[in-house]
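Structural overview
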Amino acid sequence: MQSEGKILDGSLQTKYDVCVVGLGYIGLPTATVLANSGVAVLGVDISPTVVETINDGRIHIVEPGLEAAVSTAVQNKRLTASLAPHFASCYVIAVPTPLRDDKTANLDYVLAAARTVAPLLEHETLVILESTSPPGTTRKISELVRAERPDLVDESGKQTVLFAHAPERVLPGRAMREIIENDRVIGGLTPEASDRAADLYRKFVTGGILLTDATTAELVKLAENSFRDVNIAFANELSEIADEVSVNVWDVVRLANRHPRVNIMQPGPGVGGHCIAVDPWFIVDAAPAVSKLIRTARTINDGRPERVVRDVLSKVGRLPTGGKVAILGLAFKPNIDDLRASPALAIADTLLRIAPGTEFLISEPNIHEMPAALERYSNAIMVDDVRVAIGESDLVVLLVDHSEYRQLPNPKLQGKTIVDTRGVWSTIDIREVI
């Protein structure tokens, strides 16, 4: 519940149960489920538009079920958004940890968030890092706070602020369900910090709460995403092998997966998002000499967009004069609007740049304005109706398997040259004799 806090700059400040710093794809769902579990939450974001949108009970991202939950939390006065943090019993940091050009983690946002809340911390305040981070980041935050607030120690000199890492484990597009149902790994710098953080997450998590230390929790999250990246890399390499020997990779995967102990993932145009495309590099950076398989998988998956571009350009060169190309999908995965590290967006960007004389009709059902990365191209047109984009084009390039594309009737594609990077329309003719 809200209560009266300390006097800051001459005014009495409200004290919230939880202050969530960062209201993006993870911070906003976290703030919302906390609020709807009875916790008084202040959400903080640097964007005035984001703050205004949330305080109106609306959302600025695409996530099924989130807008209704935000509306409920705001109407019940459990969730408030602000440009600045206020006093709280707990602070949850959920800001980005992007990848630098040298493949190391950029912790500027995390450390800036910690500096922002440092003046508001009190003895026994709990600080939780949700942002996916390299091993040792939670301890770095505690060291930063100790330097900023040397007064927050007990008689023996022990720091009295509590720090824990509780990495998110949700899939975009299913966040509102998985944030509640999935098991949660929580690692504190001290057992007390782990227990306090566990008490908070038990307010809404129905899955298991698994306690460990902070560094282990940090590596667990990185290991989860690296596992998926390595398996995707196997599928993508298998796709290239299938091309070399002239067989349909989708047939190979489907048939191989009939083995009771085989579960090959689906090939694609690359790996995107802020997790699988990024987190393995944090492991490589932490232990470069021994992260050989993880590094190789990243290299394979990072190379997929270039291969798709070569395939598309080989077909563009055979188009009739004035031929058009439909690009279907820009997001990094199906049924969301998230463009972070999207291989589809990178492929579109490269094609528009390399083939300026070709007109590209772009369909992305979750985004209705041309993304900033593509605005400079005069040969790109955003088309709301995918059927129009396909109907006017000679070549159709499927980059994201949005449900809208899976539902398209096959006659719409008759007479078209197809580059299907997701296996949605690939012919699979397998006979099963019973």
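For the structure given in this document, a descriptive report is provided here. Note that the coordinates shown come from a computational prediction; the quantities given were computed from them, not determined experimentally. (Residues numbered from 1 in each chain as written. Predicted model: local features only at pLDDT ≥ 70, side-chain atom pairs only at ≥ 80, totals over all residues. Heavy atoms only, no water.)

For the rest of this paragraph, the subject is the layout of surface pockets. Of the pockets and cavities examined, the second largest pocket occupies roughly 540 Å³. Along its surface, the second largest pocket is lined by 21 residues, and Asp 243, Trp 250, Asp 311, Asp 420 and Thr 421 are the ones closest to its centre. A per-element tally of the lining of the second largest pocket places helix 12 (residues 304-316) first, with five residues. When grouped by side-chain class, the residues that make up the lining of the second largest pocket number nine nonpolar, six polar and six charged. (1 Å grid on protein atoms, 1.4 Å probe; cavity = no way out; pocket = protein on both sides within 12 Å on 5 of 7 lines; lining within 4 Å. Points joined across faces, edges and corners; volume = space filled by probe spheres on them. Helix = DSSP H or I, 4+ residues; strand = E, 2+ residues; numbered from the N terminus. Nonpolar A, V, L, I, M, F, W, Y, C, P; charged D, E, K, R; others polar.)

This part takes up the nonpolar core. The biggest cluster of nonpolar side chains holds 43 residues, and the ones touching the most others in it are Val 18, Val 41, Ile 54, Val 70, Leu 79, Ile 128 and Tyr 201. If near-sequence neighbours (up to four positions away) are discounted, Tyr 201 is found in contact with Val 92, Ile 128, Glu 130, Ala 166, Arg 184, Ile 186 and Ile 209. Grouped together as the second largest cluster of nonpolar side chains are 34 residues, Tyr 16, Ala 105, Ala 114 and Ile 141 included. (Core = buried A, V, L, I, M, F, W, Y, C linked by side-chain atoms within 4.5 Å. Buried < 20%, exposed > 50% of the residue type's maximum accessible area, 1.4 Å probe, protein only. Contact = heavy atoms within 4.5 Å.)

At a minimum axis distance of 9 Å, the contact between helix 1 (residues 27-36) and helix 3 (residues 66-75) shows a crossing angle of 50 degrees. When the interaxial angle is binned, helix 1 and helix 3 end up oblique. The crossing of helix 1 and helix 3 is left-handed. Residues Leu 28, Pro 29, Thr 32, Ala 35 and Asn 36 of helix 1 pack against Leu 66, Ala 69, Val 70, Thr 72 and Ala 73 of helix 3. Of the residues contributing to the contact of helix 1 with helix 3, the split by class is seven nonpolar, three polar and no charged. (Axes fitted to C-alpha atoms, helices over the stretch in contact; angles between N-to-C directions. Parallel < 35°, antiparallel > 145°, perpendicular 65-115°, else oblique. Left-handed = near helix turned anticlockwise from the far one by under 90°.)

What you see with strand 13 (residues 395-398) is no split at all: Leu 395 and Val 397 on one side and Val 396 and Leu 398 on the other are buried throughout. Of the strand pairs in this sheet, strand 10 (residues 324-328) and strand 13 are connected by four bridges, and their pairing is parallel. Bridged to Ile 327 within strand 13 is Val 397. Of the strand pairs in this sheet, strand 13 and strand 14 (residues 417-420) are connected by four bridges, and their pairing is parallel. (Pairing = 2+ DSSP bridges.)

Counted under the stated rule, the structure contains 25 salt bridges. Taking the shortest distance from any N to any O, the salt bridge between Lys 15 and Glu 122 comes out at 3.0 Å. Of the two residues, Lys 15 is situated in strand 2 (residues 11-21) and Glu 122 in the loop between helix 4 (108-117) and strand 6 (126-129); the sequence distance between them amounts to 107 residues. Of the two residues examined, Lys 15 and Glu 122, each falls in the buried class. Through salt bridges with shared partners, a single ionic network connects Lys 103, Asp 229, Arg 298 and Asp 302. (Salt bridge = Lys/Arg side-chain N within 4 Å of Asp/Glu carboxyl O.)

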